[in-house]
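Chain by chain, the residues run as shown.
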Amino acid sequence: MISHLSSLENVLSSHSRPDITVVIATRLRPERLGYLAELHASLMRQAVPWEAALVLDGADRTLLPEPLAADSRIRVIELPRPVGAAAARNLGLRTVRTPLVCYMDDDDLVPDDSLAVRHQRITETGLGWVAGWSADLHPDGSTTIWRCPTPPGVHQPGDVTGYWASPEAQIPLGQTMLLARTDLVIAAGGHGGLPAGEDFLMVNGVTNLAAGELLPHVVYFYRQHPHQMTAGGVAYRDLRGPSRDFAFRHGRALRAALRHARM
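Residues numbered from 1 in each chain as written. Predicted model: local features only at pLDDT ≥ 70, side-chain atom pairs only at ≥ 80, totals over all residues. Heavy atoms only, no water.

K.L.:
Explanation requested: the pattern of salt bridges in the structure shown.
P.N.:
Note that side chains of opposite charge can pair when their charged atoms are close. The tally for this structure, following the rule as stated, stands at twelve salt bridges. A salt bridge links arginine 75 to glutamate 51, with the shortest nitrogen-to-oxygen separation between them at 3.6 Å. In this pair, arginine 75 is assigned in strand 3 (residues 74–78) and glutamate 51 in strand 2 (residues 51–56), connecting sequence segments 24 residues apart. In this structure, glutamate 213 engages arginine 121 in a salt bridge whose closest nitrogen and oxygen atoms are separated by 2.6 Å. (Salt bridge = Lys/Arg side-chain N within 4 Å of Asp/Glu carboxyl O. Helix = DSSP H or I, 4+ residues; strand = E, 2+ residues; numbered from the N terminus.)

K.L.:
I keep staring at the packing of aromatic side chains and nothing clicks. Help me out?
P.N.:
Aromatic ring pairs are defined here through the distance separating the ring centres and the angle between the ring planes. Under the counting rule described, the total for this entry stands at two aromatic pairs. Between the aromatic rings of tryptophan 164 and phenylalanine 200, the centroid separation amounts to 5.6 Å while the plane-to-plane angle is 80°, which identifies the pairing as edge-to-face. Here the residue tryptophan 164 occupies a position in the loop between strand 7 (153–155) and strand 8 (178–181), and phenylalanine 200 occupies one in helix 7 (residues 198–209), the gap between them amounting to 36 residues. Comparing tryptophan 164 with phenylalanine 200 shows no difference in burial state: the two are buried. Pairing tryptophan 164 with phenylalanine 248 gives two aromatic rings, centres 5.4 Å apart and planes at 90°, and the pair type is edge-to-face. (Phe/Tyr/Trp six-rings, centres within 6.5 Å; stacked < 30°, edge-to-face > 60°. Buried < 20%, exposed > 50% of the residue type's maximum accessible area, 1.4 Å probe, protein only.)

K.L.:
Is there a simple way to think about the environment of leucine 28 in this case?
P.N.:
Counting through the fold element by element, leucine 28 comes out in the loop between strand 1 (20–26) and helix 2 (33–44). A relative accessible area of 2% means that leucine 28 is categorised as buried. Here the alpha-carbon distance between leucine 28 and leucine 64, two residues 36 residues apart in the chain, equals 6.9 Å.

K.L.:
I'm lost on the pairing of strand 4 (residues 100–105) in this one. Help?
P.N.:
With six of six residues buried, strand 4 is to be regarded as a mostly interior element. A two-sided burial pattern is seen for strand 4, the buried positions comprising Leu100, Cys102 and Met104 on one face and Val101, Tyr103 and Asp105 on the other. Examined bridge by bridge, strand 1 and strand 4 share six bridges and lie parallel to one another. If you follow valine 22 over to strand 4, its bridge partner there is cysteine 102. (Pairing = 2+ DSSP bridges.)

K.L.:
Explanation requested: the side chain of serine 114 in the structure shown.
P.N.:
Its place among the elements puts serine 114 in helix 5 (residues 114–125). For serine 114, a relative accessible area of 0% gives the class buried. Setting aside anything within four residues of it in sequence, one finds serine 114 in contact with Gln46 and Val219. (Contact = heavy atoms within 4.5 Å.)

K.L.:
When you look at the pairing of strand 1 in this model, what are you seeing that I'm missing?
P.N.:
Consecutive side chains along a regular strand alternate between the two faces of the sheet. Most of strand 1 sits out of view: seven of its seven residues are buried. Both faces of strand 1 are covered, namely the face carrying Ile20, Val22, Ile24 and Thr26 and the face carrying Thr21, Val23 and Ala25. Bridging between strand 1 and strand 2 involves six bridges; their strand directions are parallel. Of the residues in strand 2, the one forming a bridge with valine 22 is alanine 52. The β-α-β motif built from strand 1, the intervening helix 2 and the parallel element strand 2 has right-handed crossover chirality. (Right-handed = clockwise from strand over helix to strand, strands pointing away.)

In structure tokens, the structure reads:
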């Protein structure tokens, strides 16, 4: 009995001190609430302790699904008005006290070992970030791995930027693929002030400031559905091109500036 109690205390102690905070920005749109509940269920199956900063981007807290509202690991951050994905994520990052942080969208899912495989590798190596592959999750439940331009392996600061060939080309890494050191993400400025492509700026900053590794292992499921933020609205499409152009130039300029500073 003593041994059992000791083991249980160790588990509880471990869960009280997570290394990872998951930042999720949401407007609690009715058509996406079911997806958010499924994301939470996939988080509950993770093999390592975590906590979450759930940022309500001007949303009504009473719409929050009960399982999330009842989970003590989820810290709800209410914003008084909608500010957009970039600002909401940054305001969530402001509250992070764990050494590691990652980002998830309210309509996606993660495999059961998503956090564990990245946590183990970043702990073993001391790298600034560790990423895994993302896979598209189709309505029929099938998945298709997105093989990003960045190849698996360790990459030195600035290497990832080199795999983005042009503003119109495939981005080198997706932000939800990354598990990174919190101080590094803050140093990178978090998500930049763009109406679209703000996540590209975060990836630029993190991968230019520190070495990291891409694992050939799926850690994120990107759900394909009609209510995706990137699928709707003329306003989004009108600003997508200029936003990508700025993000592309930002990556190149940041890499050049950091290389010059190291000379």
